[in-house]
Amino acid sequence: MNTSARAEAIRRAKEYLAQRPVFLDTETTGIGPNAEIVEISIVDFDGSVLLDALVKPRGKIELDAQRVHGITAGMLGSALGWDALWPEVQAALEGRTVGIYNADFDMRMMKQSHQRNWMQWRQPKGMYVCLMKLYAQFYGQWNPQRRSYRWQSLENARAQCGLSTPNSHRALDDTQLSREVLLFMAAAQE
């Protein structure tokens, strides 16, 4: 383990936490180029829920995705579409630091959900922090093939930090767990 890299991750975690971030997670119809969001949660820095909503997609939920998160088409009957929910999402993110465990994926899903709804993508102004990459640096397991720190799943991070919050693969639980991972890193000794 590189102690200076870990110390840098702890310093950055403290810096992000001082900015009173919001945390975001999504569940999706799949992982491919046409996948879109079926659930989104945004939690404030203090753990209060700003948004927790199912989203009616334009496409079908792939069976593999449904097996992971358990969201079925039948559960989405009264859910809003992405186009109707977006103003609330945008308002919660605008001007904030946003912590996301695997930010590249969730940002891609928001963009794809825009495209599937014929909406022009303009990322809300704010700073987006990938907590997965930050945790990889904190944990310190080197991946020689990629010449970077090995990414840890949210479930692995939960276990490695000794956190009790479940990793249910539902947006609200995973958002709360992402918040706890940042809190854990920020509280660690350098």
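Just so we're clear, the structure is a prediction, and the values are computed from it rather than from any experiment.

*Asks:* Explain the layout of surface pockets to me, using residue names and the numbers behind them.
*Replies:* A volume near 540 Å³ is recorded for the largest pocket. As for the largest pocket, its lining consists of 23 residues, of which Glu27, Val68, Asn102, Phe105 and His169 are closest to the centre. Each residue belonging to the lining of the largest pocket can be placed in one class, and the counts come to seven nonpolar, nine polar and seven charged.

*Asks:* Give me the lowdown on the nonpolar core, citing residues and values where you can.
*Replies:* In this structure, Ile40, Trp82, Val89, Leu93 and Met110 are the most contacted members of the largest nonpolar core, which totals 46 residues. Once you skip the residues sitting within four places of it in the chain, tryptophan 82 turns out to touch Ile37, Ile40, Val55, Lys56, Val89, Met110, Ser113, His114, Asn117 and Met119.

*Asks:* So what's going on with the state of the cysteines? Residues and values would help.
*Replies:* Here the structure, examined in full by the defined rule, presents zero disulfides. Take cysteine 130: it sits in no disulfide, and the sulfur closest to it among the cysteines is that of cysteine 161, at 15 Å. For cysteine 130, a relative accessible area of 13% gives the class buried. You can call cysteine 161 buried: its relative accessible area is 10%.

*Asks:* Which residues make up the packing of helix H6 (residues 154–161) against helix H7 (residues 171–187), and what are the values?
*Replies:* Running from N to C, H6 and H7 point in directions that differ by 45 degrees, and their axes come no closer than 10 Å. In this view, H6 runs oblique relative to H7, as classed from their interaxial angle. In the packing of H6 onto H7, the handedness of the crossing is left-handed. Every residue of H7 that contacts H6 at Leu154, Ala157, Arg158 and Cys161 is listed here: Asp174, Leu177, Ser178, Val181 and Phe184. Class assignment for the residues of the contact of H6 with H7 results in six nonpolar, one polar and two charged.

*Asks:* Break down the pairing of strand E5 (residues 96–100) for me, with residues and values.
*Replies:* Taking burial as the measure, the five residues of E5 include four buried ones, the bulk of the element. As paired strands, strand E1 (residues 22–28) and E5 are joined by three bridges and run parallel to one another. Bridge pairing links leucine 24 to isoleucine 100 in E5. The pairing of E5 with strand E6 (residues 126–130) spans five bridges and is classified as parallel. Along E6, the bridge assignment pairs isoleucine 100 with cysteine 130. The parallel pair E5 and E6 is bridged by helix H4 (residues 103–116), and the resulting crossover is right-handed.

*Asks:* Residues and numbers for unusual backbone geometry, please.
*Replies:* With the exception of glycine, most residues fall at negative phi, and the peptide bonds are largely trans. A positive phi is found at asparagine 102, a non-glycine position, where the angle reads about 80 degrees. With respect to the helices and strands, asparagine 102 occurs in the loop between E5 and H4. Of note, histidine 169 is a non-glycine position whose phi angle comes to about 60 degrees, a positive value. Looking at where histidine 169 falls in the secondary structure, it is placed in the loop between H6 and H7. A residue is classified by how much of its surface remains accessible, and histidine 169, at 34% relative accessible area, is partly exposed.

The rules behind the values
- Residues numbered from 1 in each chain as written.
- Predicted model: local features only at pLDDT ≥ 70, side-chain atom pairs only at ≥ 80, totals over all residues.
- Heavy atoms only, no water.
- 1 Å grid on protein atoms, 1.4 Å probe; cavity = no way out; pocket = protein on both sides within 12 Å on 5 of 7 lines; lining within 4 Å.
- Points joined across faces, edges and corners; volume = space filled by probe spheres on them.
- Nonpolar A, V, L, I, M, F, W, Y, C, P; charged D, E, K, R; others polar.
- Core = buried A, V, L, I, M, F, W, Y, C linked by side-chain atoms within 4.5 Å.
- Buried < 20%, exposed > 50% of the residue type's maximum accessible area, 1.4 Å probe, protein only.
- Contact = heavy atoms within 4.5 Å.
- Disulfide = S-S within 2.5 Å.
- Axes fitted to C-alpha atoms, helices over the stretch in contact; angles between N-to-C directions.
- Helix = DSSP H or I, 4+ residues; strand = E, 2+ residues; numbered from the N terminus.
- Parallel < 35°, antiparallel > 145°, perpendicular 65-115°, else oblique.
- Left-handed = near helix turned anticlockwise from the far one by under 90°.
- Pairing = 2+ DSSP bridges.
- Right-handed = clockwise from strand over helix to strand, strands pointing away.

Scope: geometric values only; no functional claims are made or implied.
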